[in-house]
Each structure stands twice: as structure tokens, then as C-alpha cells.
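Here's the letter readout for the chains.
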Amino acid sequence: MAGPRLQRHALCMCGSGRALAECCLPWEEAFRRLAARLAAFSASRELRRLAARAGELFWKSDVAKGAAPGRGAGGDACFNEWFLHDYVAPKRVGPLLGEFADAAAGLSLREEQLLFAMLVTPTRAFQIMEPPGPRGMPV
């Protein structure tokens, strides 16, 4: 079902007093294009294999003994965000979002600015580490 139709020349909803097409709409469109590119990057065969390994760490890190991990739309979104921003796979130098940024070509100026903001701005209030043991402890 489609949402309400936006009037490009109506006043922007942010309250700037400018037309939507001249204010926030170009940023929204750039974000959607960047999100689609990130989704395609995440869907590659190699990253799906890495996601399976990372999922074991993510879903078991905060589960009490004997409890089943809670999976749902919100949990999957948190996993995807953590997977791209924080997970450093074995034999890799940094997070996967950095690899995406290095390989991305043909981004518009707004898409580049959004990607840069994603790289330098912490967007999460959580951190997943390995289960307690000789190699680390949850924070």
C-alpha cells in the first residue's frame, strides 16, 4: 500500500518555509539510493557467508542461559546495522561499511556526504563483543 503522495512544491515538513523539492526531499532521495546500494552490497555471496558467522556472535551475546534469542524485525535491523558498522571479519582490516565506502563509485555529492556521516558518527548505543571468556567480555 502506497503512503500519502508528496507534493514537491508544498512547504517542507521540517518547517524551513522552503518547498519540499528544494529542502529535504533531495536528501531523502539520496538516502534511499544509498540504502539500496548498501542492501545490494550486503546481499553479495561473500557477505552473506560472513553474516552467518557474525550472527552466531550477535544473537548469542545477550541471551541468558537456556533462553532463546529474540529475533524480529527490530532485532534484524540492529544486527544489520552492527554487521556493517562494527563487525570486523577475520582477515579483514576494518568494518564492512569502510569496505563499501572504498569500493563505491558513482555516488552523488549528497550520497557521499551521507556515507561520510555514517562513517564518522556513532549511531548506536550498544556494542556487541565476544562471549565472556579468555578473549573478551561483554560491555
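Residues numbered from 1 in each chain as written. Predicted model: local features only at pLDDT ≥ 70, side-chain atom pairs only at ≥ 80, totals over all residues. Heavy atoms only, no water.

## With respect to the packing of helix α1 (residues 25-42) against helix α5 (residues 109-120)
Interaxial distance between α1 and α5 falls to 9 Å at its minimum, and their mutual angle equals 65°. Viewed along their axes, α1 and α5 adopt a mutual orientation that is roughly perpendicular. Crossing hand, α1 versus α5: right-handed. Side by side, α1 and α5 meet where Pro26, Trp27, Ala30, Phe31, Arg33, Leu34, Arg37 and Leu38 of the first sit next to Arg110, Glu111, Gln113, Leu114, Leu115 and Met118 of the second. Within the contact of α1 with α5, the residues separate by chemical class into 9 nonpolar, 1 polar and 4 charged. (Axes fitted to C-alpha atoms, helices over the stretch in contact; angles between N-to-C directions. Helix = DSSP H or I, 4+ residues; strand = E, 2+ residues; numbered from the N terminus. Parallel < 35°, antiparallel > 145°, perpendicular 65-115°, else oblique. Left-handed = near helix turned anticlockwise from the far one by under 90°. Contact = heavy atoms within 4.5 Å. Nonpolar A, V, L, I, M, F, W, Y, C, P; charged D, E, K, R; others polar.)

## A closer look at the nonpolar core
In this structure, Phe79, Trp82 and Phe83 are the most contacted members of the largest nonpolar core, which totals 21 residues. Listing elements by their share of this core, those giving two or more residues are α1, α2 (45-60), α3 (73-85), α4 (96-103) and α5. Looking at which element gives the most residues to this core, the answer is α2, with 6 residues. (Core = buried A, V, L, I, M, F, W, Y, C linked by side-chain atoms within 4.5 Å. Buried < 20%, exposed > 50% of the residue type's maximum accessible area, 1.4 Å probe, protein only.)

## Brief notes about the environment of Glu22
Inspection of the secondary structure assignment puts Glu22 in the segment before α1. The class of Glu22 is exposed, set by a relative accessible area of 59%. On a C-alpha basis, the gap between Glu22 and Arg8 in space is 8.5 Å, while along the polypeptide they are 14 residues apart.

## Quick look at the environment of Ser44
Relative to the elements of secondary structure, Ser44 occurs in the loop between α1 and α2. In this structure the side chain of Ser44 is engaged in a polar contact, spanning 3.2 Å, whose partner is the backbone oxygen of Phe41. (Polar contact = N/O pair within 3.5 Å; in protein donor to acceptor, adjacent residues only side chain to side chain.)

## Some points on α4
Taken residue by residue, α4 has Leu96, Leu97 and Phe100 as its buried positions. Seen end-on, α4 carries its buried residues on one side only, within an arc spanning 105°. (Arc of directions from axis to C-beta.)

## Comments concerning α5
For α5, which comprises 12 residues, the first-to-last C-alpha distance of 17 Å matches the rise-based estimate of 16 Å (1.5 Å per residue) to within 8%. Within α5 the residues assigned to the buried category are Glu111, Leu114 and Leu115. Taken around the axis of α5, the buried residues stretch over an arc of 100°, which confines them to a single face. For α5, the exposed residues lying more than 90 degrees away from the buried face are Leu109, Phe116 and Val120. (Expected span 1.5 Å × (residues − 1).)

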